[in-house]
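As a plain string of letters, each chain reads:
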Amino acid sequence: MTLTRRSALLSPLALTALAHLPAAAQEVIAGLPRRETIILENPEGTIRNSGWFNIWALNAGGQSTGLQQLTLDTLWYIDPDRGIDGQAWDNSLAAAPPEYNADFTEMRVRLRDGIFWSDGVEFTSADVVHTVQTQIAHRTLRWHAILALNVEQVTAPDARTVVFRLRRPNSRFHAQFTVRWGAIWIMPKHVFERQADPARFDFNPPISLSAYVLRNFDPNGKWYIWEKRQDWRRTSLARFGEPGPRYAVYVDPGPPDRRVISQLNHELDVIHDTSPEGVFTLARQSQTARGWFRGLPYAHPDPTLPSVIFNHQNALFQNRDVRWALALLIDIRAVSMASYRGAATISAIAIPPTGTHPSDYHSALEPWVADFELDTGRQKIKPYEANVGRAIADSLRPSMRDQIPTDPEQIARSFGLGWWRMNQQAAAELLERAGFRRVNNQWQTADGRPFSVRLMVEGEARPIMTRAGTMIVQNWRQFGIDARVDVAQGTFFDRRGAGDFDTLIGWSVETYGGHPDLSYFLDSWHSAYVAQPGQVQPLRNWGRWRAPELDALIERMRTVGFNDPRTVEVGKDFAKLMVREMPIIPLMAYNVFTMMDEHFWTGFPNAENPYTNPVTNWGNSRYMFTRLRPRA
């Protein structure tokens, strides 16, 4: 059947839903059999350099177009939830977990048999070696620095074995080839070895190592169509069965209101993220749209932790009394309502409340947190307030009724446990001990200047976090602090990296979620990586905090195996240190309002069956395709 003839398979209503796309996009997408096609939001929007698929080059093109989700592969994956077979860890191109020697200076990888590139060439250890050596040799490639710093030599004793000799002990080197959101993807050696400069090669069309190949894309970057490989059985994903959709379309669906309209019309099967108001509309008007939770908060709690991040190279925030005072001035209930309309999953500790973390850390540490004492200089207080999450749920129940769970465990999973009690008296005592004083209800620093704090937010690009920041600033201003919102708009990430802020709303804590190890972000917090003022800060310690106790924890973690039970103990000690020092003020999980329409497809993951992450730009979302089936 030709594309033109297939266009009749889409209804006039569906064509209306696609009306915001160019005419060419409507024709091509409408030409696909709808019951064999899943349509997903690409949160990158419109891709300017649409024909660039070389993900190994820096800042070259889109990667959430379906490229990293459906065509690339690497050695291992960790799911932020339970995992497709009940295990968050998955040996993908590797046949087994990494094998380290006793002092973690060598890592051996065993590879799977029977995996082929989409052009029929067999995948072997030569591809892995070429990926590493090419990036070490070319400074303009994405993973040059991390591989050059860590790898002394990489060899392939045979077609199914790769050996990494490391420059220093590193029990977490495998994390570079383990997908949390993305990772170092494996290059096809037989393609890239022919390129004089791999950074200038567009890799168009991409040769696939996973279950889908590129079928078509919009030269203007608004949509990408991928088709299931006929030989999908020769990919690592085949272990979990045949992917359901024949075609996958990643589109720029427009602003939040248009995403909601498209899903109501059943022409956007998966919304990557929308507003709380959009979710409420779908909950009221659609019989088939659902979120991760069936009721509030609906959203998938990503393993990231929105927080108030202090710039520790600013003298104002180098005293923990000041940081704790600012924390005790925040009304977390008001922040939850302002940001997520109550659909927040709060966290008092510096670990996101998602995946395995609620049991590994939040519940396990709650007795310690509840007993934690803070000395204000005039009194000792226990600042933790239990059951704040339950109080938020109860306050919403009169208006949301059966959308609010009643089971205490479900409430804790959805809304979180406790948080720090708002205490203006204790905050005042802490500031006074730090040398601050209040004059005519306005706070001044020790040298008599107004206590001014600018809280940087992204603005329209991330309205939920912007609303949270606005409420926090209001809390601080009501106490007499000269606090203001600093709307960065498109300069947010550049200013964050440059340290051009007082405080900001964002995240510097990003975890695996489905595994208790914290190394994904924690290793990057070592003081060795803290940039000098005015220089760009590497990932992810945006606050530039340094502390001997923190370095000792990180160095201890490097000598403990990834699956060693002591990993959790390191994580608990980190959480306790963060409570004592409050270098960031943890707020909540980053809840992503991913909405899935079950009109055409069933089998989406959810809180009751959390086998993978449905958020459309995560590499892990590929596992979802093996469980999706057309609705009869």
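On a predicted model such as this, the values are computed, not experimentally measured, just so you know.

A few points about the sheet that holds strand 25 (residues 584-586)
Spatially, five strands are ordered 23-22-24-15-25 in an open sheet, and the strand pairing comes out mixed. The open sheet has two free edges, formed respectively by strand 23 (482-487) and strand 25, since each of these has just one partner strand. Mean inter-strand twist for the sheet, computed between neighbouring axes without regard to direction, equals 20 degrees. Note that strand 22 (residues 452-457) and strand 24 (residues 503-506) share two bridges and pair parallel. The residue bridging Leu455 from the neighbouring strand is Thr503, located in strand 24.

Re the pairing of strand 7 (residues 161-166)
For strand 7, the buried fraction is high: five of the six residues fall into the buried class. Alignment of strand 5 (residues 106-110) against strand 7, held across five bridges, turns out to be antiparallel. Bridge assignment links Met107 to a residue of strand 7, and that residue is Phe164. By the bridge criterion, five bridges tie strand 6 (residues 151-158) to strand 7 in an arrangement that is antiparallel. Directly across from Val151, in strand 7, lies its bridge partner Leu166. Counting the residues between successive antiparallel strands, the hairpin from strand 6 to strand 7 contains two residues.

Some remarks on the packing of aromatic side chains
In the structure shown here, the tally under the stated rule is 36 aromatic pairs. Judged by centre distance (5.8 Å) and plane angle (55 degrees), the rings of Trp89 and Phe562 are tilted. Here the residue Trp89 occupies a position in strand 3 (residues 89-91), and Phe562 occupies one in the loop between helix 19 (548-558) and helix 20 (566-581), the gap between them amounting to 473 residues. Pair check on accessibility: Trp89 and Phe562 agree, each one buried. For the ring pair Phe521 and Phe574, a centre distance of 5.5 Å and an interplane angle of 65 degrees mean the geometry is edge-to-face. Residue Phe521 is located in helix 18 (residues 519-522), and its partner Phe574 is located in helix 20; the two are separated by 53 residues in the primary sequence. Taken as a pair, Phe521 and Phe574 share a single burial class, namely buried. Among the aromatic residues, ring-to-ring pairing joins Trp76, Trp89, Tyr512, Tyr520 and Phe562 into one connected group. Sitting above the plane of the Phe116 ring, Arg234 keeps its charged end 3.9 Å from the centroid. The ring centre of Tyr623 lies 4.9 Å from the NZ or CZ of Arg622, which sits over that ring.

Some points on unusual backbone geometry
Going from Leu296 to Pro297, the amide bond is cis rather than trans, its omega being 10 degrees. Residue Arg540 follows Leu539 across a cis peptide bond; omega there is 0 degrees. Residues other than glycine seldom take positive phi values, yet Phe104 does so here, at roughly 60 degrees. By secondary structure assignment, the location of Phe104 is in the loop between strand 4 (99-100) and strand 5.

Quick word on the confidence of the model for the chain
Mean pLDDT over the chain stands at 93; residues scoring 70 or higher make up 95%. Scored below 50 in pLDDT, residues 1-17 makes 27 contacts in the model with residues more than four places away or belonging to other chains.

Comments concerning the side chain of Thr71
Tracing the sequence through the fold places Thr71 in helix 4 (residues 67-71). Given the relative accessible area of 1%, Thr71 is considered buried. From its side chain, Thr71 meets the backbone oxygen of Leu67 in a polar contact 2.7 Å long. Leaving out residues up to four positions away in the same chain, Thr71 has contacts with Gly66, Ser208, Leu209, Ser210, Tyr212 and Trp226.

With respect to the pattern of salt bridges
Pairs may arise between side chains of opposite charge once their charged atoms sit close together. The full count for this structure, using the stated rule, is 42 salt bridges. The salt bridge partner of Asp482 is Arg477, with a shortest N-O separation of 3.9 Å. The exposure class assigned to Arg477 is partly exposed, which follows from its relative accessible area of 43%. Close ionic contact of Arg556 with Asp573 constitutes a salt bridge, the shortest N to O distance being 3.0 Å. With Arg556 in helix 19 and Asp573 in helix 20, the pair connects residues that are 17 residues apart, well separated along the chain. Overall, the relative accessible area of 35% leaves Arg556 in the partly exposed class. For Asp573, a relative accessible area of 26% translates into the label partly exposed. The structure contains a network of salt bridges with shared partners spanning Glu36, Arg215, Glu227 and Arg246.

Calculation criteria
Going along each chain's sequence as written, the residues are numbered from 1 onward. With pLDDT at 70 or above as the cut-off, local features in this predicted model cover only qualifying residues; side-chain atom pairs require 80 or more to be listed or tallied, and sums for whole chains, interfaces and linings still use all residues. Processing note: side-chain calculations cover all non-hydrogen atoms of the structure and skip hydrogens and water entirely. By definition, two strands form a pair when at least two bridges between them are found by DSSP. The helix count covers DSSP runs of H or I at least four residues long, the strand count covers runs of E at least two residues long, and both are numbered beginning at the N terminus. Simply put, an axis is a line fit to the C-alpha atoms, just over the touching stretch for a helix, and the angle between two N-to-C directions goes from 0 to 180 degrees. Relative accessibility thresholds used throughout: buried, under 20% of the residue-type maximum; exposed, over 50%; partly exposed, between the two (1.4 Å probe, protein chains only). Pairing of aromatic rings covers Phe, Tyr and Trp, the last through its six-membered ring, and needs centres within 6.5 Å; plane angles under 30 degrees mean stacked, over 60 mean edge-to-face, and all others mean tilted. A ring is scored as having a charge over it whenever the NZ atom of a lysine or the CZ atom of an arginine sits within 6 Å of its centre and within 35 degrees of its normal. One number per residue, pLDDT, summarises how confident the predictor is, and it ranges from 0 to 100. Contact between two residues is taken to exist if any of their heavy atoms lie within 4.5 Å; hydrogens are not considered. Pairing of N or O atoms within 3.5 Å defines a polar contact, subject to two protein rules: one partner must be a possible hydrogen donor and the other a possible acceptor, and residues neighboring in sequence count only if both atoms are side-chain atoms. Put simply, a salt bridge is a Lys or Arg side-chain nitrogen that is within 4 Å of an Asp or Glu carboxyl oxygen.

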